Amino acid sequence: MDSKDLSFNSKLIHGGDFKDALGSATVPIYQTSTFIFDSADHGAACFSGESDGYIYTRIANPTIKALESQIALLENGFGGIATSSGMGAVNTVYLTLLGQGAHVVSSAAVYGPSRVVLEQQYTRFGVESTFVNTADIEEVKKAIRPNTKLLFIETPSNPTMDITDLKACGDLAHSLGIPVAVDNTFSSPYLQRPLDLGVDIVFHSMTKFINGHADVVAGIIVAKDEAMYKRLRSTMINFGCNMDPHQAYLVIRGLKTLGIRMDRSQENAMKLAQYLEQHPKVSWVRYPGLLSHPQYELAKKQMNGPGSMISFELKGGLTAGKVLMDNVKVAILAVSLGGVETLIQHPASMTHSKVSADGKEKAGITDGLVRYSVGIEDVNDLLADLKQALEKV
Ligand SMILES: *Cc1c(COP(=O)(O)O)cnc(C)c1O
């Protein structure tokens, strides 16, 4: 059976391009930097592309290729490009599409460094950027200029959980010949498949849900068509932000349980969001699974589930939030997200601290906002933990 015909959860176990000569049931780690050519002619053929033999691990490696082909299969794309980190993926997208004098329109509430690198590094090369609430298509329309070369979207947004209409943004950008790239880290392909909605490029910090065990930093990009795939791959190879075979091995191992991990963490998140929403010390909760979410309907249409990221603010603002974060005992006070363990953090002073005060305000990142990444623990322990910490507030 062609793995393309399998359902998603079976693709997690059996998808991907890999056949071991010795019959290994799992993908082994090809811990090698270089590969032996059969002959001088074979070496030349590998370089010219006549042969698909391996050359050198920065260019391609069987362990890494197994992972790339599996994620490409899950995202319904042409091909995957694994990177050293999520930021390696972000910069490969930027470097491929943005040149001297180019302009990018981006979601305002994106992963902090995705924004900061544009504002603090790419400006040195004449790249301009505009940050808008991409959940409002009119704002996107207004921000586009003749030199706009990329529409960069994160949905649900980080950490405000706004939902951007990917189909509408894709239609708008394509009518103007602008490619669209989507950071799908918060949802993973289990809950959202942007390429199916007409987007050109999807990428992940696999550090988060895809690996899911808080023990690897890794990224990946999937392009919808071959031409874009080739451009992105050449950037990755030449800038050297490749993955290591051992990293790939760990991600392949974590990926197998993506479906069951996401089911459990999402189920937990729904209960915790409902608990927080009715708590008298909480001023607001943003979770796409709650009816109170302004884009509840869009989330339902565009995603296969609301995920396990929650943001909320206590009535006592930052002071109260700090008491909560210092008193949780099951949840871990740490940045990152998408692992089996529940994490809590304060974006304004942590993940988004390098974003300017004005940038934070426009993106809706208030000082009191607390971000909660719900894991797969027993939900009763998580509820009890929140309850006792909120009593101290
Ligand atoms: C973590 C993260 C990144 C960056 O990934 P790294 O693996 O830390 O480099 C990018 N986007 C989102 C949404 C993230 O959560």
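Residues numbered from 1 in each chain as written. Predicted model: local features only at pLDDT ≥ 70, side-chain atom pairs only at ≥ 80, totals over all residues. Heavy atoms only, no water.

Caption draft 1: Up close: the site of the ligand. Of all residues adjacent to the ligand, which total 14 residues, the nearest are G86, M87, D183, T207 and K208. One nitrogen or oxygen atom from the main chain of G86 is found 2.8 Å from an oxygen atom belonging to the ligand. In this structure, M87 approaches the ligand through a main-chain N or O atom, which is 2.8 Å from an oxygen atom. Here the ligand has 380 Å² of accessible area as a free molecule, and 93% of this is covered by the chains. (Near = heavy atom within 4 Å. Polar contact = N/O pair within 3.5 Å; in protein donor to acceptor, adjacent residues only side chain to side chain. Areas by Shrake-Rupley, 256 points an atom, 1.4 Å probe, with all protein chains shown as cover.)

Caption draft 2: Fine view of the nonpolar core. Counting 47 residues, the largest nonpolar core has L67, I71, L151, M206, M243, L255 and L258 as the members making the most contacts within it. Considering each element in turn, this core owes the most residues, six residues, to helix α3 (residues 62-75). For this core, the two domains that each supply at least three residues are domain 1 (3-255) and domain 2 (259-391). Ignoring any residue separated from it by four or fewer positions in sequence, one finds L67 in contact with M206, I220, M243, A248, V251, I252 and L255. (Core = buried A, V, L, I, M, F, W, Y, C linked by side-chain atoms within 4.5 Å. Buried < 20%, exposed > 50% of the residue type's maximum accessible area, 1.4 Å probe, protein only. Helix = DSSP H or I, 4+ residues; strand = E, 2+ residues; numbered from the N terminus. Domains from an automatic or database assignment. Contact = heavy atoms within 4.5 Å.)

Caption draft 3: Inspection of the layout of surface pockets at higher detail. In this structure, the largest pocket spans a volume of roughly 810 Å³. Taken together, 28 residues make up the lining of the largest pocket; nearest its centre are D17, K65, E68, Y229 and R233. If you list the elements that add at least two residues to the lining of the largest pocket, you get α2 (40-48), α3, β1 (79-83) and α9 (226-239). In terms of residue count, α3 provides more of the lining of the largest pocket than any other element does, five residues in total. Split into classes, the residues belonging to the lining of the largest pocket amount to ten nonpolar, eleven polar and seven charged. Size it by volume and the second largest pocket reaches roughly 260 Å³. (1 Å grid on protein atoms, 1.4 Å probe; cavity = no way out; pocket = protein on both sides within 12 Å on 5 of 7 lines; lining within 4 Å. Points joined across faces, edges and corners; volume = space filled by probe spheres on them. Nonpolar A, V, L, I, M, F, W, Y, C, P; charged D, E, K, R; others polar.)

Caption draft 4: Quick look at the environment of G53. Turning to its location among the elements, G53 is positioned in the loop between α2 and α3. According to the relative accessible area criterion, G53 is partly exposed, its value standing at 25%.

Caption draft 5: Structural context of the domain arrangement of the protein chain. The domains assigned to the protein chain are domain 1 (3-255) and domain 2 (259-391). At the interface, 42 residues of domain 1 touch 36 residues of domain 2. It is I163, L191 and F209 in domain 1 that bury the most area against domain 2; as a group they hold 24% of the surface buried on that side. Here domain 1 and domain 2 share one salt bridge between them. Of the charged contacts, one joins R286 and D162 as a salt bridge, the two residues approaching to 2.8 Å between their closest N and O atoms. The interface formed by domain 1 and domain 2 holds 18 residue pairs in polar contact (both at pLDDT 80 or more) in total. When residues of the side of domain 1 that touches domain 2 are traced back to their parent elements, those giving at least two are α1 (8-14), α5 (112-120), α7 (166-175), α8 (188-191) and α10 (245-255). Residue contributions to the side of domain 1 that touches domain 2 peak at five residues, all from α5. Taken together, the residues of the side of domain 1 that touches domain 2 sort by class into 21 nonpolar, 15 polar and six charged. (Buried area = accessible area lost by both parts, 1.4 Å probe. Salt bridge = Lys/Arg side-chain N within 4 Å of Asp/Glu carboxyl O.)

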